[in-house]
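Structure assessment
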Amino acid sequence: MLHKLIRRKPEKKNQTIAERISHSTKEPIPSHIAIIMDGNGRWAKKRLLPRVAGHHEGMKTVRKITKLANKLGVQALTVYAFSTENWKRPKLEVDFIMRLPEEFLGTYLPELIEENVRVVMMGENNTLPLHTQEAVKKAIETTKENTGLVLNFALNYGSRAEIAQAVQNIVHQVQQGTLTYSDVNEELISQHLMTCDLPEPDLLIRTSGEVRLSNFMLWQLAYTEFWFTDTLWPDFDENCLLDAIESYQKRNRRYGGLKGDETH
Ligand code: V0D
């Protein structure tokens, strides 16, 4: 079974994207897709461009993939935009990245509103530059009544920190007497994570060939199907997303009847 967890080349397809969409939507679409958007720097290097050019191109890919996911009826899309580890990068690169939310929203907010997308974020908001916080806050505020796809940006996010925070909150409530130790169970912990309003991810995609989780949604990914691809994030297009979804649907078809027999 291990080969199924590891990067696997998509099958050749001569179908148009429209044909693939109509085919894909005949089977259950993952409710929540989470993506580790890796390979932006490598994409730029291959073209002898500065790393930031890759981040900029990666931003355009977020828009393209959001559009298709929304069209397919995906309920939530979580994208790992900045990890707590990413602060170690050169200051000028970090400064550039921190301007991307403003640029993204300046360019695409009207389109997100038009497409009924709701923007949310998870991660430590209050240590981001103020201009970044302001841009994200405005996007969340403007789209909060939208009922289509939830676009969840993981910004300054780390999963262990998220879990530690949840434990702190729970312990505090136990001390206050609003909870008792026997209330602590899996469901309660889930409800204290930053994803408490989202379904658990059905599909995790990581681009650019690295096969690891890098402190991303450790709790939430317990039952998630994984899709690893060598494609660099700026090159990840509609066909790549459809490859990942079709693979997910194929696995669901195989195991669908066997639920309960599976040892997770
Ligand atoms: C850089 C590839 C969009 C990953 C995508 C601040 C690395 C492009 C946003 C964004 C980043 C965030 C919040 C929001 C609207 C847009 C973004 C960051 C990095 C980290 F409300 N792309 N993007 N944020 N990259």
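Structure shown above.
Conventions used here
- Residues numbered from 1 in each chain as written.
- Predicted model: local features only at pLDDT ≥ 70, side-chain atom pairs only at ≥ 80, totals over all residues.
- Heavy atoms only, no water.
- Buried < 20%, exposed > 50% of the residue type's maximum accessible area, 1.4 Å probe, protein only.
- Helix = DSSP H or I, 4+ residues; strand = E, 2+ residues; numbered from the N terminus.
- Pairing = 2+ DSSP bridges.
- Near = heavy atom within 4 Å.
- Areas by Shrake-Rupley, 256 points an atom, 1.4 Å probe, with all protein chains shown as cover.
- 1 Å grid on protein atoms, 1.4 Å probe; cavity = no way out; pocket = protein on both sides within 12 Å on 5 of 7 lines; lining within 4 Å.
- Sits in = over half its atoms within 2 Å of the grid points.
- Expected span 1.5 Å × (residues − 1).
- Arc of directions from axis to C-beta.
- Contact = heavy atoms within 4.5 Å.
- Salt bridge = Lys/Arg side-chain N within 4 Å of Asp/Glu carboxyl O.

1. Some points on the pairing of strand β6 (residues 225–228)
Neither face of β6 is left uncovered, since the one carrying Glu225 and Trp227 and the one carrying Phe226 and Phe228 both have all their residues buried. Judged from the four bridges that link them, strand β5 (residues 203–206) and β6 form a sheet pairing that is parallel. Each residue of the ladder has a partner; that of Leu203, found in β6, is Glu225.

2. Looking at the site of the ligand
Taken together, 19 residues form the shell around the ligand, and within it His55, Leu100, Phe104, Phe153 and Leu155 come nearest. When the ligand is considered free in solution it has 530 Å² of accessible area, and contact with the protein chains removes 98% of it. The pocket occupied by the ligand, as judged from atoms lying within 2 Å of grid points, is the largest pocket. Mapped onto the shell around the ligand, the elements with two or more residues apiece are α3 (51–72), β2 (76–83), α4 (91–114) and β4 (150–157). Sorting elements by how many residues they give to the shell around the ligand places α4 first, with six residues.

3. Some remarks on helix α6 (residues 159–176)
If you check α6, its first and last C-alpha atoms are 26 Å apart, about what 18 residues at 1.5 Å a residue would give, namely 26 Å. Listed as buried for α6 are Ser159, Glu162, Ala166 and Ile170. Burial along α6 is one-sided: seen end-on, the buried residues are contained in an arc of 70 degrees. The exposed residues of α6 that point more than 90 degrees off its buried face are Arg160, Ala161, Gln168, Gln175 and Gln176. Residues of α6 that are buried make contact with β4 and α7 (186–191). The first or second residue beyond α6 is Gly177, which carries a positive phi of 85 degrees.

4. A word on the pattern of salt bridges
Using the criterion set out here, one finds 19 salt bridges in the structure. Between Lys67 and Glu115 there is a salt bridge; the shortest N-O distance is 3.2 Å. Of this pair, Lys67 sits in helix α3 while Glu115 is found in the loop between α4 and β3 (118–122), placing the two residues 48 residues apart along the sequence. The class of Lys67 is partly exposed, set by a relative accessible area of 35%. We note a salt bridge from Arg89 to Glu93, for which the minimum N-O separation is 3.5 Å. On the basis of relative accessible area, Arg89 is assigned to the partly exposed category, the value being 28%. Connected through shared salt-bridge partners, Arg63, Lys67, Glu111 and Glu115 make up one network.

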